[in-house]
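Next come the chains, spelled out residue by residue.
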Amino acid sequence: AADVLSLVRYPLVSAGFLRDVVGTEPFLESRPGHQMMMTAYASLVEAQTGGTLSSMRRRGAEVLFAVGGWDGTSYLSSVERFDPATNTWEAVPPMSMARCAAAADVLDGKLYVAGGYDDSSDSSSVERYDPATNTWEAVAPMSVARTGAAAAVLDGKLYVAGGKSDGNTHLSSVERFDPATNTWEAVAPIRVALCNAGADVLDGKLYVAGGFDGSSD
C-alpha cells in the first residue's frame, strides 16, 4: 500500500477524494501512514490554494496546520488543524489578516506565520499562534515585505529566506528572528534571488532549495 500511495499525484486530486477514498486505506492508520497523509494534504493545499502548511506536536501527537491562502474568490485569514489520528480537520482562530503564500514554521511550540500577500500588497508582518491559549499575537515585523518566502527553524531561531516583494522583485535576503528579544536581524543572503523555494535544516545547517528566480524554476 505504501508503494502505491507514494505514486499518487496528490496536487491533482480533490480534497474529498483524498479524505473519502485515500483516507480509508488501512495502511494510513499506522504512523508511517499518518506521515504520508500529512504530506499529501500539504501538497494538495499548497498547490491548489496558495495556503501554507506547517506541523507541530500537540498532546504528544503531530498535527498539521493549513494557514491562509486563496479560495478562488477571496484571500483567507482562516486556519485549520488536521489530526491524522482521527483523519479530521478543525478550525482554530483566524489570523489577524488574510495571507496567501506566507512562510510558516514552528518554534518553541508556537506556530509563526510571516509575510504573504494580503489582497493588496506583500506584507512584512508576523504573527504567532499559541495552542496552549488558542490565540494569535503579533510579533516584530520583518525588515522586508515577503511573499513566497521559505522558513525554517535553527538553534532556537526562525529564519525566513527569499520570496518576492513589491509585486515582482525577487529577493535573496535572509532574516533571522530571535523570540527572546523579539527582534529580526539580517544574515548572509542566499546566492540566487528566489521565491517559492523550500527550506529545512540538516546537521545544523540551513538548506534552501528550488524555487523561481524570476525567469525560470
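Here the structure is shown first, and the text comes after it.
What counts and how
- Residues numbered from 1 in each chain as written.
- Predicted model: local features only at pLDDT ≥ 70, side-chain atom pairs only at ≥ 80, totals over all residues.
- Heavy atoms only, no water.
- Pairing = 2+ DSSP bridges.
- Helix = DSSP H or I, 4+ residues; strand = E, 2+ residues; numbered from the N terminus.
- Axes fitted to C-alpha atoms, helices over the stretch in contact; angles between N-to-C directions.
- Phe/Tyr/Trp six-rings, centres within 6.5 Å; stacked < 30°, edge-to-face > 60°.
- Buried < 20%, exposed > 50% of the residue type's maximum accessible area, 1.4 Å probe, protein only.

Draft legend 1. Here's a closer look at the sheet that holds strand S14 (residues 183-187). Spatially, four strands are ordered S9-S10-S13-S14 in an open sheet, and the strand pairing comes out antiparallel. Edge positions in the sheet fall to strand S9 (150-154) and S14, since each of these pairs with one other strand and no more. The mean angle between the axes of side-by-side strands here comes to 25°, regardless of whether they run parallel or antiparallel. Across four bridges, the pairing between strand S10 (residues 157-161) and strand S13 (residues 174-178) is antiparallel.

Draft legend 2. Region of interest: the packing of aromatic side chains. The full count for this structure, using the stated rule, is seven aromatic pairs. When the centroid spacing of 5.4 Å and the interplanar angle of 45° are considered together, the rings of Tyr129 and Trp136 count as tilted. Ring geometry for Phe177 against Trp184: centres 5.1 Å apart, planes inclined by 45°, an arrangement best described as tilted. Exposure remark for Trp184: the relative accessible area of 15% places this residue in the buried category. Aromatic rings pair up to connect Phe65, Tyr129 and Trp136 into one cluster.

Draft legend 3. Structural context of the sheet that holds strand S8 (residues 135-139). Here four strands make up an open sheet; going across it, the order is S5-S6-S7-S8 and the pairing antiparallel. Strands at the two margins of the open sheet, each flanked by one partner only, are strand S5 (103-107) and S8. Neighbour-to-neighbour, the strand axes of this sheet turn through a mean angle of 25°, independent of strand direction. Here S5 pairs with strand S6 (residues 110-114) via five bridges, running antiparallel. Note on S6: the bridge partner recorded for Ala103 is Ala114.

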